[in-house]
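# A structural walkthrough
If you want the building blocks of each chain, they are given just below.
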Amino acid sequence: MAAGRKPTTRGFKQTSSLLQERIRKAGESRGFAVTRLLTHWPEIVGEDIAAIARPVDVKYGRQGFGATLSLLTTGPHAPMLEMQKEQIRAKVNSVYGYNAISRLRITQTAPTGFSEGQAEFTYRPKSTSKPEPKPEVVAQAQSLAAPVGDDKLRLALEALGRNILSKTKR
């Protein structure tokens, strides 16, 4: 290599980083980036709607007068989404500043979904608080771990004992 010359490559790059700019330009040529709709779905339509539906497809008409957004939901939630079509469409279009989506199509499946693509909507925040174990379970776990001399090991064994003893038998 010549003294003043820099190498033209910087090592390996992920394929996604090589294609990201081209994908973004292709999306913008249609007026908006579909990936934004997928990645920010709960913020766009709200937690309640995001918990029961998710976007699956955006199809463009031949004339280019807006797109059709397909939403996947479970059977019981379809009528509720049907009544809220215009509000959902307005929320999606407000993100882009114009009528990017002209129609909504609702598709539904069983609660467990098909064998390949199961419809599970997990946008609702899960409760992180665990119920406290009963006092007798705590006392029993402490008595079982009491003979252990090392403090850290004894505390770890107490926690393990509480977890095992508080499980219900199935």
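Keep in mind it's a predicted model, so treat the numbers as computed, not measured.

### What to know about the confidence of the model for the protein chain
When pLDDT is averaged along the protein chain, the result is 76, and 64% of the positions lie at 70 or above. Least confident of the elements in the protein chain is helix 1 (residues 15-29), whose mean pLDDT is 58; most confident is helix 5 (residues 78-83), at 90.

### A short note on the pattern of salt bridges
A full pass over the atoms with the stated rule returns four salt bridges. When the shortest N-O distance is used, the salt bridge between Asp 57 and Lys 59 registers 3.5 Å.

### Focus on the side chain of Thr 73
Tracing the sequence through the fold places Thr 73 in strand 2 (residues 67-74). Accessibility expressed as a relative area gives 0% for Thr 73, which makes it buried. Here Ile 52 takes part through its backbone oxygen, which lies 2.7 Å from a polar atom of the side chain of Thr 73.

### Quick notes on the environment of Ser 94
Tracing the backbone through its elements, the reader meets Ser 94 in helix 6 (residues 85-96). Along the chain, Ser 94 and Ile 44 lie 50 residues apart, while their C-alpha atoms are 8.8 Å from each other. A polar contact is formed between the side chain of Ser 94 and the backbone oxygen of Lys 91, at a distance of 2.7 Å.

What counts, and at which threshold
Residues numbered from 1 in each chain as written. Predicted model: local features only at pLDDT ≥ 70, side-chain atom pairs only at ≥ 80, totals over all residues. Heavy atoms only, no water. pLDDT = per-residue confidence, 0-100. Helix = DSSP H or I, 4+ residues; strand = E, 2+ residues; numbered from the N terminus. Salt bridge = Lys/Arg side-chain N within 4 Å of Asp/Glu carboxyl O. Buried < 20%, exposed > 50% of the residue type's maximum accessible area, 1.4 Å probe, protein only. Polar contact = N/O pair within 3.5 Å; in protein donor to acceptor, adjacent residues only side chain to side chain.

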